[in-house]
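Listed below, chain by chain, are the residues.
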Amino acid sequence: MEKEFDGDCRCYYGVHCVLKTSWTDENPGRMFLGCPNYRDGGGCNYFDWIDPPISNRKKSTFFSLLRRNESSEVRQHRIENKLEFVEGEMHMLRADVDRLEVERQSLEENLRTL
Ligand SMILES: [Zn+2]
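For clarity, every value in this text was computed on a predicted model and none was experimentally measured. (Residues numbered from 1 in each chain as written. Predicted model: local features only at pLDDT ≥ 70, side-chain atom pairs only at ≥ 80, totals over all residues.)

1. Side note on the overall build of the protein
Put simply, the rule reads: In this text, helices come from DSSP runs of H or I with a minimum length of four residues, and strands from runs of E with a minimum of two, each type numbered from the N-terminal end. Remark: residues whose backbone-derived C-beta atoms lie within 7 Å of one another are considered to be in contact.
Looking only at helices and strands, the protein has one helix and four strands in total. When the helices and strands of the protein are read in sequence order from the N terminus, they spell out β-β-β-β-α. Seen through its C-alpha atoms, the protein measures out along the principal axes to roughly 100 × 35 × 25 Å. If you take every contact in the protein between residues at least 6 apart in sequence, the share linking residues at least 24 apart comes to 23%.

2. Regarding the nonpolar core
Rules: Core membership is restricted to buried Ala, Val, Leu, Ile, Met, Phe, Trp, Tyr and Cys residues, and these are joined into a nonpolar core through C-beta atoms within 7 Å. Neighbour counting defines burial: a residue surrounded by 20 or more other C-beta atoms within 10 Å of its own C-beta is buried, one with 12 or fewer is exposed, and intermediate counts give partly exposed, using backbone-placed C-beta atoms.
Listed in full, the five residues of the largest apolar core are Cys 11, Cys 17, Val 18, Leu 33 and Cys 35. Each residue touching Cys 35, except ones within four places of it in the same chain, is listed here: Cys 11, Val 15, Cys 17, Gly 43, Cys 44, Asn 45 and Tyr 46.

3. Topic: the UniProt feature "domain: GRF-type" (unreviewed entry) in the protein
We count it as follows: UniProt positions are given in the numbering used here, feature names are shortened, and annotations may be inferred rather than shown by experiment.
UniProt's entry tags residues 11-53 with the feature "domain: GRF-type" (unreviewed entry), counted in the numbering of this structure. For the annotated span residues 11-53, helix accounts for 0% and strand for 30% of the residues, and the straight-line distance between the end C-alpha atoms is 22 Å.

4. Side note on the confidence of the model for the protein
Here is the rule: pLDDT expresses, on a scale from 0 to 100, how confident the predictor is about each individual residue.
Residue-level pLDDT values for the protein average 89, and 95% of them are 70 or greater. When pLDDT is averaged over each element of the protein, helix 1 (residues 56-113) comes out on top at 94 and strand 1 (residues 2-4) at the bottom at 56.

5. Some points on the pairing of strand 3 (residues 30-34)
How we decide: Should DSSP find at least two bridges between two strands, the strands are regarded as paired.
Pairing analysis gives five bridges linking strand 2 (residues 18-22) to strand 3, with the strands arranged antiparallel. Following the sheet pairing, Val 18 is matched in strand 3 by Gly 34. Pairing geometry for strand 3 and strand 4 (residues 47-49), over three bridges, is antiparallel. Paired with Gly 34 across the bridge in strand 4 is Phe 47.

6. Observations concerning helix 1
To keep it simple, the criterion reads: Every helix has an expected span of 1.5 Å times one less than the residues it contains.
Its 58 residues place the ends of helix 1 85 Å apart at the C-alpha level, agreeing with the 86 Å of an ideal helix rising 1.5 Å per residue. A small share of helix 1 lies buried, amounting to zero of its 58 residues.

7. Quick notes on the domain arrangement of the protein
The condition is simple: For every domain, the bounds stem from an assignment made automatically or drawn from a database.
The assigned domain composition of the protein is domain 1 (1-54) and domain 2 (55-114). Computed over C-alpha atoms only, the centres of domain 1 and domain 2 are separated by 46 Å.

This is the structure we're talking about:
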């Protein structure tokens, strides 16, 4: 997430700052202003938090939500795999039904000729 900050903020090189979100363990989701060229390695080291420090309670809530989200993603993957498997089974069963129908028809014909 990166966008230009509406307010007047310039880095040490006089370039407009960008608003970014930190995703470090210490500051998850905490926004800050930084030099736009920081990531390219050529920027100055301008850096200023916008959000207040994150309390330990919020941090632990954040991480428990993150974990819950991850486990629901894992569950979703498992369900998707199962669905794929069931669809494959269904496909094979349909083929069986078709084959049995052909067999039944030929048996019926045999019966008629007898
Ligand atoms: Zn800069």
